[in-house]
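# Survey of secondary and tertiary structure
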Amino acid sequence: MLSLSHRHEDGTRLASLLWRFGPGWRMISSAVLGGGIGPGEWVLNAQVDAGYSRTDPVEHLREMAPPGPGVGMLTAASVERYTRAADRGAEAVATVGLRVPTWAAAPEGAEDPELRPPVPRPGTVNIIVAVPVAMSDAALVNAVMTVTEAKTQALIEAGYACTGTASDAVCVAAPAHGPSEAFGGPRSLWGARVARAVHAAVSTAPAPGPRRPRCPRCPRCPRCPR
């Protein structure tokens with residue numbers, strides 16, 4: 001069950017998105033709270049101010065989260081404007097903001113405002129995925145790769161010159177019991193469905209920042225030098 005709520009912090013109205021799964025689920029995540037692989041009953045995606053400066057994000061998330069094991073992530077993007085997509089049983093929810101777009105393989109020493117503060121900035125592109133089938137550890141890791149590839153594909157196709165931001169977060173949830181899928185790559189049965197759901201969710205998100213003009217002779221390649 002997915003629910004949207006609001007709270008006030010320092011005079012600012014902020015949204016939080018809570019996806020309740022209940023017991024019997026296993027999750028893999030890069031989030032600051034509940035990251036890694038383990039049991040999870042909920043995923044919280046909480047909006048914070050763009051100038052977020054708390055040095056205890058885990059405790060902050062615990063203040064907002066329900067009891068029990070789960071995953072908590074932060075974002076400076078507008079959580080109210082989340083998008084949701086599904087593909088034959090695979091579901092994806094995304095909040096997209098590109099305040100500081102970044103290429104993953106940037107040159108050494110490149111200036112990146114998100115990397116300079118002593119405390120990492122809250123993630124701006126957060127993606128939560130759920131599948132109805134159990135997955136092996138390797139398949140879960142593979143599914144995270146697939147989510148990231150589909151996200152990047154959607155951003156580049158939309159004209160954004162980046163692979164995301166330096167602090168994006170992802171979570172993939174799957175049942176803890178039952179026959180396990182061995183693969184989660186984009187050409188596996190469930191990996192392909194995850195990829196299409198994520199691509200659709202990110203592609204339909206409200207425009208989060210300036211786009212780079214595309215070459216009229218090569219509309220699918222925003223980095224074309226021509």
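These notes cover the structure that comes with them. Just so it is clear, the model here is predicted, and its values are computed rather than measured.

### Here we look at the nonpolar core
- In this structure, V129, V131 and V198 are the most contacted members of the largest nonpolar core, which totals 34 residues.
- For this core, the elements supplying multiple residues, two or more each, are β8 (90-96), β9 (125-130), α2 (137-157), β11 (169-175) and α3 (189-203).
- Counting residues in each nonpolar core, the second largest holds 17 residues, with L2, A15, L17 and C171 among its members.

### Details of the sheet that holds strand β4 (residues 36-39)
- A sheet is described by the order of its strands in space; here 6 strands give the open sequence β4-β3-β11-β9-β8-β7, paired in mixed fashion. Since the sheet does not close on itself, it has two edges, and those belong to β4 and β7 (83-87), each with one partner. Neighbour-to-neighbour, the strand axes of the sheet open up by a mean angle of 15 degrees, direction not taken into account.
- The sheet contact formed by strand β3 (residues 25-29) and β11 spans 5 bridges and is antiparallel. Bridged to R26 within β11 is A174.
- Strands in contact with α2 are β3, β4, β9 and β11; relative to β11, the strand with the most contacts, it is inclined by about 135 degrees.
- Across the face of the sheet, α3 comes into contact with β7, β8 and β9 while running at roughly 35 degrees to β8.

### Some words on the sheet that holds strand β1 (residues 2-9)
- Taken in spatial order, the 4 strands line up as β1-β2-β5-β6 in an open sheet, and their pairing is mixed. A strand with exactly one partner marks an edge of an open sheet, and here the two such strands are β1 and β6 (71-75). Strand after strand, the sheet turns through a mean of 20 degrees between neighbouring axes, direction not considered.
- One ladder, built from 5 bridges, connects strand β2 (residues 12-20) with strand β5 (residues 42-47); its direction is antiparallel. Residue pairing in the sheet places W19 in a bridge with V43 of β5.
- Running over the sheet, helix α1 (residues 57-64) touches β1, β2, β5 and β6 and is turned about 110 degrees from β6.

### Re unusual backbone geometry
- The phi dihedral of D10 falls on the positive side, at around 50 degrees, and the residue is not glycine.
- Checked against the element boundaries, D10 lands in the loop between β1 and β2.
- Of note, R88 is a non-glycine position whose phi angle comes to about 50 degrees, a positive value.
- Mapping R88 onto the fold places it in the loop between β7 and β8.
- What makes R88 exposed here is its relative accessible area of 64%.

### Let's talk about a nonpolar patch on the surface
- Where nonpolar side chains cluster on the molecular surface, the patch consists of I37, V141 and M145 and spans about 250 Å² of accessible area.
- Its location among the elements puts M145 in helix α2.
- For M145, a relative accessible area of 45% translates into the label partly exposed.

### Things to note about α3
- Taking 1.5 Å of rise per residue, the 15 residues of α3 would be expected to cover 21 Å, and the 21 Å separating its terminal C-alpha atoms lies within 8% of that figure.
- Along α3, the residues classified as buried are W190, G191, A192, R193, V194, A195, A197, V198, A201 and V202.
- Against the buried residues of α3 lie β7, β8, β9, β10 (134-135), α2 and β12 (180-181).

Thresholds applied
Sequence positions are assigned chain by chain, starting from 1 and proceeding in written order. The predicted nature of this model means local features are confined to residues of pLDDT at least 70 and side-chain atom pairs, given and counted, to a pLDDT of 80 or more, with totals for whole chains, interfaces and linings taken over all residues. Think of the side-chain values as coming from all heavy atoms in the structure, minus any hydrogens and water. Definition used in this section: a nonpolar core is a set of buried Ala, Val, Leu, Ile, Met, Phe, Trp, Tyr and Cys residues joined via side-chain atoms within 4.5 Å. Exposure is judged per residue with a 1.4 Å probe applied to protein chains only, and the accessible area is read against the type maximum: over 50% gives exposed, under 20% gives buried, and values in between give partly exposed. Starting at the N terminus, helices and strands are each numbered in turn, a helix being any DSSP run of H or I of at least four residues and a strand any DSSP run of E of at least two. Two strands qualify as a pair provided that DSSP identifies no fewer than 2 bridges between them. As a rule, the C-alpha atoms of each element are fitted with a line to give its axis, helices using only the stretch in contact, and angles between N-to-C directions run from 0 to 180 degrees. Note on definitions: a residue-residue contact is assigned when non-hydrogen atoms from the two residues lie within 4.5 Å. Patch criteria: residues need more than 30% relative accessible area and no salt bridge. Like-charged residues are merged within 9 Å; nonpolar side chains of Val, Leu, Ile, Met, Phe, Trp and Tyr are merged within 5 Å. Exposure was quantified through the Shrake-Rupley algorithm and a 1.4 Å probe, taking into account, for residues, occlusion by the shown protein chains and nothing else. Any carboxyl oxygen of Asp or Glu within 4 Å of a side-chain nitrogen of Lys or Arg constitutes a salt bridge here. Working rule for helices: expected span equals 1.5 Å times residues minus one.

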